[in-house]
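# Analysis of the macromolecular model
Chain residues, written in single-letter form:
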Amino acid sequence: MVAGMNMILRPQDPDFWIAAIFSAKAVQNGGVVRRNRVWVEREIGRTRFEDEVRKRGFHLIEVGQQLVIICNTGQFRVVF
């Protein structure tokens, strides 16, 4: 490693990322969690991410580069 450079080590296991995302306080409280679409595609894969959201009965919306998970299994309605 070159002096002054920091190496960032990231777990490569998608199960680690899934556990981290869905153990957030917002998830437990029925809140909202968002992740950058590119990050999701790189770290977990879009299909796996969508499957995990669907498995929990949550709602997923895409807005720009953000994937927003509504961590509630209730009815979903877009007002405008």
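Right above here is the structure, for reference.
Right, let's walk through the structure included here. Here, residues in each chain are numbered from 1, in the same order as that chain's written sequence. A pLDDT threshold of at least 70 governs which residues receive local features in this predicted model, and a stricter bar of 80 or more applies before side-chain atom pairs are shown or counted, although totals over entire chains, interfaces and linings include all residues. Side-chain numbers here rest on the full set of heavy atoms in the structure, without hydrogens or water.

## Focus: the packing of helix α1 (residues 14–22) against helix α4 (residues 46–55)
The following threshold applies: In this description, a line fitted to the C-alpha atoms serves as the axis of each element, helices being fitted only across the stretch in contact, and the angle between N-to-C directions of two axes falls anywhere from 0 to 180 degrees. By the criteria applied, helices consist of DSSP H or I runs no shorter than four residues and strands consist of E runs no shorter than two, each listed in order from the N terminus. Roughly parallel means an angle under 35 degrees; roughly antiparallel, over 145; roughly perpendicular, 65 to 115; everything else is oblique. Handedness of a crossing follows from how the near helix is turned relative to the far one, being left-handed for an anticlockwise turn of less than a right angle and right-handed for a clockwise one. Contacts: residue pairs with any heavy atoms within 4.5 Å of one another.
Between α1 and α4, whose axes approach to 11 Å, the crossing angle comes to 40°. The orientation of α1 relative to α4 falls into the category oblique. For the pair α1 and α4, the crossing hand works out as right-handed. Facing α1, whose interface residues are Pro14, Asp15, Ile18, Ile21 and Phe22, α4 presents Arg48, Phe49, Glu52 and Val53.

## So, the sheet that holds strand β3 (residues 66–70)
Let me state the cut-off plainly: By the convention used here, strands pair only if DSSP detects at least 2 bridges between them.
The three strands lie next to each other as β1-β3-β2, forming an open sheet whose pairing is antiparallel. Across the chains shown, the open sheet's two edge strands, defined by having one partner strand only, are β1 (32–36) and β2 (59–63). On average, each strand axis in the sheet is inclined to that of its neighbour by 20°, with strand direction left out of account. Sheet topology note: the β2/β3 ladder contains five bridges and is antiparallel. Bridging from a neighbouring strand, His59 pairs with Ile70 of β3. Across the sheet, α4 lies against β2 and β3, angled at about 140° from β2, the strand it touches most.

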